[in-house]
Amino acid sequence: MLMMANKLPEDLVIQILVWLPVVSLLRFKSVCKSWYALITNQNFITQHLLHNKNSNTQLLLKTCDKTTEDYVVSTISYETLQVSRTHALPPECLGIDKISIFVTGSCNGLVCLHDYRSVIWNPATKETKVVPKSNLPRIVPAGYLTRIDGMSFGFDVKTNDYKIISFVSIYDPWCESYDPYNRGVIHQKEVYSLRADSWRKVDGPPCFLSTCHIGSGTYINGMTSWLAYENDCKLFVLSFDMSNEVFLKTPLPDTYREGGEELFVLNELIVITIPMTIDEQYFELIYDIWVLLEIGVKDSWTKLFTIGPFIEINDIGWPGPLGFWKNDIMLIVKSDGQLALYDPSSKQLTNLQIHGDIMCFQLVTYMETLVSVKGGNEFEEQNNC
């Protein structure tokens, strides 16, 4: 191998190596010094990323083992939906107590996790970066506390930088509950730059995110989006442009009925699932699926199809949408914690051999890359994540 490495022209070596998976390239770093220098070079990392971008798509599933109660992340083949690898979470995410851990985003092989702090992680290379806590000044009245209402992770194509957008609210803990309608709540939006390794404030509307967990946002083409509402409680899609650092609002379709809506990504477009009760006596429910063709334009919502009906099982809930697969097929979590496929054309539900805690499932698209978490990836050119 060493003799071959010394004889082949570097251009040919590069053409061969960009076809290889990350696990092989990590081993080949020890072939010789020149290969180590090549494989760790930022230009090569970029070439490998761009070469494999359309053929290396996988799914990353986070759940909690019912027996051990440990959080795990599994890599799932996009073609076969077979689990190819299960990763233990990096030690940086594991505190003294088992705290809820959320995946706040995945981009170019980097995954952002959040529990009591944020960690950027490359599961393929096992590199981790603990994100420093924000030290930005916050106007906190006496006795008030702060909390993070939402967070997302993405890529800024203009500056070749990875960013985290965080929604912080400041509230009175002596209220009977955290009241999202309280006009006294103070809002602050903060952006973390991996390249600068620091936080700064950004301007944004004083709205609340309608989320059941911190990782409820979607990310596609440099834009991250959540369901949000203002004091009138009317839902809309709130989107944040990672490059221009501006927010856009898109009203929902007029037919939506508030309660249980969720955002997903399908074919690089935002999709919303809207649950509709069709028979309260027998607890039957359907989901209307709408796609947003242009962010910021209400009239661009188009209804794709309806899935169901589903019947509530043992008073513990209906199957819940988790994401999309090929040809509009949905990945659904059944009420017993089993992952299944729902084909809207045939209306068939097919069980997969994947189980977990129904409250802990999160699914994001993922690709294995050599991209470093150190923030020094100054790509000459970059496609959208």
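Residues numbered from 1 in each chain as written. Predicted model: local features only at pLDDT ≥ 70, side-chain atom pairs only at ≥ 80, totals over all residues. Heavy atoms only, no water.

Turning our eyes to something else, we now look at the pairing of strand β7 (residues 127-130). Sheet topology note: the strand β6 (residues 118-122)/β7 ladder contains four bridges and is antiparallel. Within the sheet, the bridge partner assigned to Trp 121 lies in β7 and is Thr 128. The hairpin turn running from β6 into β7, its antiparallel successor, is four residues long, and Lys 126 in that turn takes a positive phi close to 70°. (Pairing = 2+ DSSP bridges. Helix = DSSP H or I, 4+ residues; strand = E, 2+ residues; numbered from the N terminus.)

Let's shift gears to the sheet that holds β6. The strands that make up a sheet pair up through hydrogen bonds in the backbone, lying either parallel or antiparallel. Pairing is antiparallel across the open sheet formed by four strands, whose spatial order is β4-β5-β6-β7. Two strands lie at the open edges of the sheet, namely β4 (102-107) and β7, each paired on one side alone. Geometrically, the sheet is characterised by an average inter-axis angle of 20° between neighbouring strands, direction not taken into account. When strand β5 (residues 110-114) meets β6, the two strands line up antiparallel, connected through four bridges. Along β6, the bridge assignment pairs Val 111 with Trp 121. (Axes fitted to C-alpha atoms, helices over the stretch in contact; angles between N-to-C directions.)

Right, let's get into the packing of aromatic side chains. Within this structure, the stated rule accounts for 10 aromatic pairs. Joined through ring pairs, the aromatic side chains of Phe 167, Trp 226, Phe 240 and Phe 247 make up one cluster. The ring of Phe 236 has Lys 249 lying over it, and the distance from NZ or CZ to the ring centre is 4.7 Å. (Phe/Tyr/Trp six-rings, centres within 6.5 Å; stacked < 30°, edge-to-face > 60°. Lys NZ or Arg CZ within 6 Å of the ring centre and 35° of its normal.)

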